[in-house]
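# Close look at the chain arrangement
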Amino acid sequence: MSLSKNNEHVFEVIELCLLAGKIMLQSGAETYRVEDTMTRIAEALGIPNSHSYVTPTGIVFSTDDTNPAKLIRISERSTDLYKVTLVNGVSRKVSNGELTRQEAFEKLMEIEKANYTFPIYQQVLAAAIASACFMIMFLGQWHDFFPAFITGGVGFLSLIFLQRVVQIRFFSEFLASLIIGVISMLFVKIGIGEQLDKIIIGSVMPLVPGLLITNAVRDLMAGHLVSGLSKGAEAFLTAFAIGAGVAVVFATMS
């Protein structure tokens, strides 16, 4: 293989690895999993000594040869573990020799463009059911099942709408929890609900950053201190926003 063709091959492998890492990081994968997947793909395609540095907002990838390192920025992150699973599947097939570089790139492009999220009405319904069930799990009464169901659904719907309107995530979560607090308070005041604390606790559970907290701990345990601390800080801000929204309702309406 000539020098120009070799450089072209390395460049295309880097692009493939960065695309895989980008999809995984945007879909909520842990930092160490992203780095491991990129390294395995590169090694399977003839680049055994690759280096990657992943943070929640960017990926740097390089090789040991003269090709420069490449950086991509991650500006939007969500939770889509199905995409993470699909990218891992592509990585395994590349490692086993079942996919060529071009075939893997085409599959990753399809995964990136696809939208596997459930319709909004299904998300809201699931959040409403989860809120009511969480309320029961926290020793609430069945009399409050319906208020928690409605409050949780409306709160999650508000979060989806506010995230499209408000660019800062902290404020959308704060306003969504404030709405949950107001609706819960109204249910109790008109006599439909009884245990205000249980209704609020169950209703805010769909907003709690459970996956973010889990990934932060797993990254810290894997030695990725920057990613672990940054994800932990993001989870703390989300928890603070939820608590602040509920606190404002108690301070103004109680």
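None of these values were measured; they are calculated from a predicted model.

This part covers the overall build of the chain. From N to C terminus, the chain includes ten helices and three strands. In the chain, the order of α-helices and β-strands from amino to carboxyl end is α-α-β-β-β-α-α-α-α-α-α-α-α. C-alpha extents for the chain along the principal axes are approximately 80 × 30 × 30 Å. Scored against the burial criterion, the 254 residues of the chain give a buried share of 43%. In the chain, of all internal contacts separated by at least 6 residues, the share reaching a separation of at least 24 is 66%. Summed over its atoms, the accessible surface of the chain is roughly 13400 Å², and 64% of this surface lies on carbon and sulfur atoms. Taken together, the 19 basic and 22 acidic charged side chains of the chain have centroids lying 3 Å from each other.

This brings us to the packing of helix α7 (residues 169-189) against helix α10 (residues 225-253). Two elements in contact, α7 and α10, have axes whose closest approach is 8 Å; the angle formed by their N-to-C orientations is 35 degrees. Classified by chirality, the crossing of α10 by α7 is right-handed. Looking at the contact of α7 with α10 residue by residue, the class counts come to 16 nonpolar, four polar and four charged.

Our next topic: the confidence of the model for the chain. Parts of the model with low pLDDT should not have their predicted coordinates read in detail. Summary statistics for the chain give a mean pLDDT of 89 and a share of 96% for residues scoring 70 or more. Here helix α1 (residues 3-26) is the element of the chain with the lowest mean pLDDT, 83, and helix α5 (residues 120-137) is the one with the highest, 94.

Applying the stated rule across the entire model yields five aromatic pairs. Clustering of aromatic rings is evident, with ring pairs tying together F170, F171 and F240.

With respect to the helices, strands and loops of the structure, G210 is situated in helix α9 (residues 210-221). Judged by relative accessible area, which is 35%, G210 ranks as partly exposed. Along the sequence, G210 and A235 sit 25 residues apart, while their C-alpha atoms lie 8.3 Å from each other.

Let us now look at the sheet that holds strand β2 (residues 58-63). Strand order in the open sheet formed by three strands is β1-β2-β3, and the pairing between neighbours is antiparallel. Each of the sheet's edge strands pairs with one partner strand only, and the pair in question is β1 (50-55) and β3 (70-73). The sheet shows a mean angle of 10 degrees between the axes of neighbouring strands, taken without regard to direction. As defined by bridge partners, β2 adjoins β3 across four bridges and the pair is classed as antiparallel. The partner of V60 across the bridge, within β3, is L71. Contacts between helix α2 (residues 31-44) and the sheet are confined to β1 and β2, with β1 contributing the most and set at about 155 degrees to the helix.

Generally speaking, soluble globular proteins have nonpolar side chains that are buried together. Grouped together as the largest cluster of nonpolar side chains are 31 residues, with contacts concentrated most on V34, M38, I59 and L108. Elements represented by at least two residues in this core include exactly α1, α2, β2, α3 (81-95) and α4 (101-113). The leading source of residues in this core is α1, at eleven residues. With sequence-adjacent residues up to four places away left out, V34 is seen in contact with G21, M24, L25, A29, V54 and I59. Within the second largest apolar cluster, 16 residues are counted, among which are V124, F156, L162 and V249.

With that out of the way, let us pick up the pattern of salt bridges. Pairs may arise between side chains of opposite charge once their charged atoms sit close together. Applying the stated criterion to the full structure yields eleven salt bridges. The salt bridge involving E30 is made with R33; its shortest N-O contact spans 2.9 Å. The class of E30 is buried, set by a relative accessible area of 6%. The partly exposed category is assigned to R33, whose relative accessible area is 28%. One network of salt bridges, in which partners are shared, links R77, R169, E173 and E234.

Turning to α7, a few remarks are in order. In this model, α7 (21 residues) spans 30 Å end to end at C-alpha, consistent with the 30 Å of a helix rising 1.5 Å per residue. Of the positions making up α7, those classed as buried are S172, E173, F174, A176, S177, I180, G181, I183, S184, M185 and F187. Tucked into the core, α7 has its buried residues touching α6 (145-165), α8 (196-204) and α10. Of the residues trailing α7, G191 is marked for its positive phi of about 95 degrees.

Criteria and cut-off values
Residues numbered from 1 in each chain as written. Predicted model: local features only at pLDDT ≥ 70, side-chain atom pairs only at ≥ 80, totals over all residues. Heavy atoms only, no water. Helix = DSSP H or I, 4+ residues; strand = E, 2+ residues; numbered from the N terminus. Buried < 20%, exposed > 50% of the residue type's maximum accessible area, 1.4 Å probe, protein only. Contact = heavy atoms within 4.5 Å. Areas by Shrake-Rupley, 256 points an atom, 1.4 Å probe, with all protein chains shown as cover. Lys, Arg positive; Asp, Glu negative; His and termini not counted. Charge placed at Lys NZ, Arg CZ, Asp CG, Glu CD. Axes fitted to C-alpha atoms, helices over the stretch in contact; angles between N-to-C directions. Left-handed = near helix turned anticlockwise from the far one by under 90°. Nonpolar A, V, L, I, M, F, W, Y, C, P; charged D, E, K, R; others polar. pLDDT = per-residue confidence, 0-100. Phe/Tyr/Trp six-rings, centres within 6.5 Å; stacked < 30°, edge-to-face > 60°. Pairing = 2+ DSSP bridges. Core = buried A, V, L, I, M, F, W, Y, C linked by side-chain atoms within 4.5 Å. Salt bridge = Lys/Arg side-chain N within 4 Å of Asp/Glu carboxyl O. Expected span 1.5 Å × (residues − 1).

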